[in-house]
Amino acid sequence: MKHLQRMLAFLFLAFILQNCEKEEDALPQQIQFSVDLKLEDASGARISALPDGTMLRVSIQTGSGEPVLTDHSMELLSFGGGYMTEPIELNPGRYKIVDFFLVHGSQVLYATPKKGSPLAGAVLHPLEHGFNVGNNRVSNIAMEVVDVN
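Residues numbered from 1 in each chain as written. Predicted model: local features only at pLDDT ≥ 70, side-chain atom pairs only at ≥ 80, totals over all residues. Heavy atoms only, no water.

Engineer: I would appreciate a short explanation of the overall build of the protein chain in the present structure.
Structural biologist: Per the secondary structure count, the protein chain includes one helix and twelve strands. In the protein chain, the succession of α and β elements from N to C terminus is α-β-β-β-β-β-β-β-β-β-β-β-β. Summarising the internal contacts of the protein chain: among those between residues at least 6 apart in sequence, 67% fall at separations of at least 24. About 8700 Å² of surface is accessible on the protein chain, with carbon and sulfur atoms providing 52% of the total. (Helix = DSSP H or I, 4+ residues; strand = E, 2+ residues; numbered from the N terminus. Contact = heavy atoms within 4.5 Å. Areas by Shrake-Rupley, 256 points an atom, 1.4 Å probe, with all protein chains shown as cover.)

Engineer: What exactly am I supposed to notice about the pattern of salt bridges here?
Structural biologist: Opposite charge on two side chains allows them to pair when their charged atoms are near. Taken as a whole and judged by the stated rule, the model has three salt bridges. Where Asp71 meets Arg57, a salt bridge forms, and the shortest distance between an N and an O atom there is 3.5 Å. Remark: Arg57 occurs in strand S4 (residues 55-62) and Asp71 occurs in strand S5 (residues 67-79); sequence separation between them is 14 residues. With a shortest N-O distance of 3.2 Å, Asp99 and Lys114 are connected by a salt bridge. Here the residue Asp99 occupies a position in strand S8 (residues 93-104), and Lys114 occupies one in the loop between strand S9 (107-111) and strand S10 (129-133), the gap between them amounting to 15 residues. Its relative accessible area of 41% is what places Lys114 among the partly exposed residues. (Salt bridge = Lys/Arg side-chain N within 4 Å of Asp/Glu carboxyl O. Buried < 20%, exposed > 50% of the residue type's maximum accessible area, 1.4 Å probe, protein only.)

Engineer: In this structure, what is going on with the environment of His125? I would like to understand it.
Structural biologist: One can find His125 in the loop between S9 and S10. Residue His125 is classed as partly exposed on the basis of its relative accessible area, which comes to 38%. Along the sequence, His125 and Val145 sit 20 residues apart, while their C-alpha atoms lie 9.7 Å from each other. Discounting residues that sit within four places of it in the chain, His125 has contacts with Thr112, Met143 and Glu144.

Engineer: Got a minute to help me understand the packing of aromatic side chains in this structure?
Structural biologist: In total, this model carries two aromatic pairs according to the counting rule given. The interplanar angle of 65 degrees and the centroid separation of 5.8 Å between the aromatic rings of Phe33 and Phe100 together place this pair among those described as edge-to-face. You can see Phe33 sitting in strand S1 (residues 29-36) and its partner Phe100 sitting in strand S8, a full 67 residues away along the chain. The buried category is assigned to Phe100, whose relative accessible area is 1%. With a centroid separation of 5.7 Å and an interplanar angle of 25 degrees, the aromatic rings of Tyr95 and Phe131 are classed as stacked. In this pair, Tyr95 sits in strand S8 while Phe131 sits in strand S10, placing the two residues 36 residues apart along the sequence. (Phe/Tyr/Trp six-rings, centres within 6.5 Å; stacked < 30°, edge-to-face > 60°.)

Shown next, in the form of structure tokens:
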């Protein structure tokens, strides 16, 4: 119930932010990440839930390679068979995700592979994955992950 209330609050906030006009173009904008778990375990059984307390660990750089977030942990909220993070703020501009892991405690469970790695073909957007933060909108960056085992 607590997660549902949070999710509804975030959706309401996203709606309000999309419909508000800002006076300054360079105001920080909200972004959030979503992860859809369409994964299978080693036996081929579908995985639909992460262990409680699983966190997203992400590193983001500007388009020119300057670190913005390094190994930043974010809580994952469950919704409709997928997961979403709470929003964070970034200034409008071009960014790239350089690391994207789902961790439980100190154990990495899932990760987005990097371009050129053997598993890069298993996802649509291997890392480094670029994205834009626009004005007057909440951006959702959908990411795919693979089992690190």
